[in-house]
Amino acid sequence: MDLRSNLVYIIRLLQTSVKGKFLNLALKSNEMEKVDLILKEYKNACHDSLIPILQEIQEAEGFLSETAIVEVGNHLHLPTSKIYGVATFYNQFRFQPKGKYNIQVCRGTACHVLGSSTVLNELEKYLKIKAGQTSRDNLFSIEVVACIGACGLAPVIAINGEFHAKVTVDSLKEIVESYRNREELS
Ligand code: FES
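Cut-off values and rules
- Residues numbered from 1 in each chain as written.
- Predicted model: local features only at pLDDT ≥ 70, side-chain atom pairs only at ≥ 80, totals over all residues.
- Buried ≥ 20, exposed ≤ 12 C-beta atoms within 10 Å, placed from the backbone.
- Helix = DSSP H or I, 4+ residues; strand = E, 2+ residues; numbered from the N terminus.
- Arc of directions from axis to C-beta.
- Core = buried A, V, L, I, M, F, W, Y, C linked by C-beta atoms within 7 Å.
- Contact = placed C-beta atoms within 7 Å.

Trainee: Even after reading the chapter, I still don't get helix H3 (residues 66–76), so can you show me in this structure?
Mentor: A turn of α-helix holds 3.6 residues, and therefore any two residues three or four places apart point the same way. Of all the positions in H3, only Ala-68, Ile-69, Glu-71 and Val-72 are classed as buried. Along the long axis of H3, the arc covered by the buried residues comes to 160 degrees, so they all point the same way. Of the exposed residues in H3, the ones pointing more than 90 degrees away from its buried face are Glu-66, Thr-67 and Asn-74. Positive phi shows up at His-77, right after H3, with a value of about 55 degrees.

Put into structure tokens, the structure is as follows:
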């Protein structure tokens, strides 16, 4: 590269980085506005309000970000480690945004009796993520849910609302791959 090309390259790099920073800041401030609105509803809240606050934030944002957790800690005068401790105890909370395809694994009684824990273990192994996490390519996330009202199909999983019935270890992989193929074709 000659000197001029080098300069153009460096300027483009700087522009992208500055744009990225502004975008991140905008996203953060948008997120924090929602968190602040929720915290305002819990003006004189005590520690007992922690779970409902986290639930509302997750409902609004889809997950609990580090910034949101720090903000909740400041509001309730709790250390963030304590909040993480409580939140990780309940598998309803997630700390990453969901993937493009969110896989809900039902752990209701009928599904449990018919092997949903094997389905979950296999899925975690296959995607190399745990329940509550998102794959590196942001394509898949796993969520453990209570009965999703299709007990006759047990064990059942739902991907973005599409139900898959009587899932086995083999059919599970085919199902996941069918979504990956959809992605490659689009
Ligand atoms: S227990 Fe799984 S759908 Fe009801």
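Trainee: Before we go on, may I ask you to explain unusual backbone geometry in this structure?
Mentor: With glycine set apart, most residues show a phi of negative sign, and most peptide bonds adopt trans. For the bond from Ala-154 to Pro-155, the omega torsion is -10 degrees, close enough to zero to count as cis. The phi angle at Lys-128 is positive, at roughly 60 degrees, despite the residue not being glycine. Along the chain, Lys-128 falls in the loop between helix H6 (116–127) and strand S2 (140–145). Assessed through the 9 C-beta atoms surrounding it within 10 Å, Lys-128 is described here as exposed. A positive phi angle, close to 45 degrees, is found at Asn-160, a residue other than glycine. Looking at the secondary structure, you find Asn-160 in the loop between strand S3 (157–159) and strand S4 (162–164).

Trainee: Just to check I follow, could you spell out the nonpolar core for this structure?
Mentor: Nonpolar side chains in soluble globular proteins generally cluster together in the buried interior. The biggest cluster of nonpolar side chains holds 15 residues, and the ones touching the most others in it are Ile-103, Val-105, Val-119, Leu-123, Val-156 and Ile-157. When contributions to this core are tallied by element, the ones reaching two or more residues are strand S1 (101–106), H6, S2 and helix H7 (169–185). Dropping the residues within four chain positions of it, Leu-123 is found in contact with Ile-103, Val-105, Ile-142 and Leu-172. Val-35, Ile-57, Leu-64 and Ala-68 belong to the second largest nonpolar core, which has 14 residues in total.

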